[in-house]
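Residue-level listing of the chains:
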Amino acid sequence: MGRPRKFDIDEALDRALEVFWRHGYEGATIPDLTRAMGINRPSLYAAFGKKEALFRKALERYQNGPIAFVHLALAEPTARKVTERLLCGAVQLVTDTSKPRGCMVVQGALACGDDAEPIRRALTEYREAGFTAIRARFERALSEGDLPKGTDCTTLARYIATVLNGLAVQAASGASADELRRVAEFTMRAFPANE
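- The protein is annotated in an unreviewed UniProt entry as HTH tetR-type domain-containing protein of Gemmata massiliana.

Topic: the packing of helix 9 (residues 153–172) against helix 10 (residues 177–189)
Logical step 1: Running from N to C, helix 9 and helix 10 point in directions that differ by 170°, and their axes come no closer than 11 Å. As far as their axial angle goes, helix 10 and helix 9 are roughly antiparallel. Across the interface between the two elements, Tyr159, Ile160, Val163, Leu167, Gln170 and Ala171 from helix 9 touch Leu180, Val183 and Thr187 from helix 10.
Logical step 2: When the residues that make up the contact of helix 9 with helix 10 are grouped by side-chain class, the tally is 7 nonpolar, 2 polar and no charged.

A word on the domain arrangement of the protein
The extent of an interface is frequently quoted as the accessible surface area lost upon association of the parts.
Logical step 1: When cut into domains, the protein gives domain 1 (9–61) and domain 2 (68–190).
Logical step 2: Taking the mean C-alpha position of each, domain 1 and domain 2 sit 25 Å from one another.
Logical step 3: The interface of domain 1 with domain 2 comprises 13 residues on the first partner and 19 residues on the second.
Logical step 4: Of the roughly 1,300 Å² buried where domain 1 meets domain 2, counting both sides, 75% is carbon and sulfur surface.
Logical step 5: Counting across the interface, domain 1 meets domain 2 through 3 residue pairs in polar contact (both at pLDDT 80 or more).
Logical step 6: Elements with a contribution of two residues or more to the side of domain 1 that touches domain 2: helix 1 (9–27) and helix 4 (51–64).
Logical step 7: Ranked by the residues each element gives to the side of domain 1 that touches domain 2, the list is headed by helix 1, at 8 residues.

Section: helix 1
Every α-helix winds through 3.6 residues per turn, so residues three or four apart in the chain are directed the same way.
Logical step 1: Under the 1.5 Å per step criterion, the end-to-end length of helix 1 is only 22 Å for 19 residues, more than 12% shorter than the ideal 27 Å.
Logical step 2: Along helix 1, the residues classified as buried are Ala12, Leu13, Ala16, Leu17, Val19, Phe20, Trp21, Gly24 and Tyr25.
Logical step 3: The elements touched by buried residues of helix 1 are helix 2 (30–37), helix 3 (41–48), helix 4, helix 6 (79–95), helix 7 (104–107) and helix 8 (117–143).
Logical step 4: Where helix 1 begins, the capping side chain belongs to aspartate 8, and its oxygen is found 2.8 Å from the backbone nitrogen of aspartate 10.

Calculation criteria
Residues numbered from 1 in each chain as written. Predicted model: local features only at pLDDT ≥ 70, side-chain atom pairs only at ≥ 80, totals over all residues. Heavy atoms only, no water. Axes fitted to C-alpha atoms, helices over the stretch in contact; angles between N-to-C directions. Helix = DSSP H or I, 4+ residues; strand = E, 2+ residues; numbered from the N terminus. Parallel < 35°, antiparallel > 145°, perpendicular 65-115°, else oblique. Contact = heavy atoms within 4.5 Å. Nonpolar A, V, L, I, M, F, W, Y, C, P; charged D, E, K, R; others polar. Domains from an automatic or database assignment. Buried area = accessible area lost by both parts, 1.4 Å probe. Polar contact = N/O pair within 3.5 Å; in protein donor to acceptor, adjacent residues only side chain to side chain. Expected span 1.5 Å × (residues − 1). Buried < 20%, exposed > 50% of the residue type's maximum accessible area, 1.4 Å probe, protein only.

If you want it as structure tokens, here you go:
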């Protein structure tokens, strides 16, 4: 029987999340992770498994924490409110000075080597699931008469998903919160409205 853990699993996972968010999957080394988490390599493996398993646990924590606003946004009563809340939440997230700039889901493994291919695929699937959820919400809005007849919900959802991903990339490149808020406002001016 092993010795009991002498570290807080949740706190260690939060620290790992930040390392992955800041450096991406491949850029986050085991020494970076163990240093940030305040544990040694055997403890990391015993508690979380290999690096890929740790990343997946950090991604789950990211979904239930920093980007939980997405689920709340999709529950808004109108497509316009859904989109406003998604954009506002994204701008707040990607420009929060207490966190790494950008979005872990967008930047975590866009370009990677063969060893990281499962992580790249997982993040691609996650982004696609986000698009699918937005499209389904817009399709519901269309059926309820909340969007103009003939609205192409697939293209509209892809447009909003593209803007959300672009906000993350722009924030990571140094765009300010004010600049990104203006992008969000511009996006809302282009959003279809019932006449």
